[in-house]
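Here are the chains, one letter per residue:
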Amino acid sequence: MAYETQIFLLFAAATVGLLAAMAVILRERREAAAAAGGTFAASTEGEKRCPYCAMGNLWIDRNCISCGRRLPG
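In what follows, the accompanying structure is described. For every chain, the first residue of the written sequence is number 1, and numbering continues from 1 along that sequence. Per-residue local features of the predicted model are confined to residues with pLDDT of at least 70, and side-chain atom pairs are confined, for both listing and counting, to 80 or more; whole-chain, interface and lining totals are unaffected and use all residues. As a rule here, side-chain values cover all heavy atoms of the structure and leave hydrogens and water aside.

1. Looking at a nonpolar patch on the surface
Moving on, step 1. Residues M1, F8 and L9 make up a contiguous nonpolar surface patch of about 390 Å² in total accessible area.
Moving on, step 2. Under the scheme used here, helices are H or I runs from DSSP no shorter than 4 residues and strands are E runs no shorter than 2 residues, and both carry numbers assigned from the N terminus. Take L9: it is sitting in helix 1 (residues 3-36).
Moving on, step 3. In this structure L9 comes out as partly exposed when scored by relative accessible area, which is 44%. Two joining distances apply to patches: 9 Å for like charges and 5 Å for nonpolar side chains (Val, Leu, Ile, Met, Phe, Trp, Tyr), and every residue must have over 30% relative accessible area and no salt bridge. Areas reported here follow the Shrake-Rupley algorithm with a probe of radius 1.4 Å; residue values treat only the protein chains shown as occluding. By salt bridge we mean one thing: a side-chain nitrogen of Lys or Arg within 4 Å of a carboxyl oxygen of Asp or Glu. Under the scheme applied here, a residue whose accessible area is under 20% of the maximum for its type counts as buried, over 50% as exposed, and between as partly exposed, the area being computed with a 1.4 Å probe on protein chains only.

2. Brief notes about the pattern of salt bridges
Moving on, step 1. Overall, the coordinates contain two salt bridges when judged by the stated rule.
Moving on, step 2. Between R27 and E31 there is a salt bridge, and its shortest N-O distance comes to 4.0 Å. Remark: E31 and R27 occur in helix 1; sequence separation between them is four residues, near one turn of the helix.
Moving on, step 3. What makes R27 partly exposed here is its relative accessible area of 44%.
Moving on, step 4. The exposure class of E31 is partly exposed, given its relative accessible area of 49%.
Moving on, step 5. In this structure, the salt-bridge partner of R49 is E47, at a minimum N-O distance of 3.8 Å.
Moving on, step 6. Given the relative accessible area of 32%, R49 is considered partly exposed.

Structure (structure tokens):
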């Protein structure tokens, strides 16, 4: 094989390896974020946090008092 071909194959293999490593890291981060259950502590008793703007609302509210979007639950 020519020297240039060997360099190209080495570069291609390194690129594939880096992309695979990045895919594994991103998957692990997504799984860890999903396992965390959210960004707020359990001490928001009596409140619902808006998933869009993070405003605290009363637990009886159906819409966010800040952005007006429908609250889950």
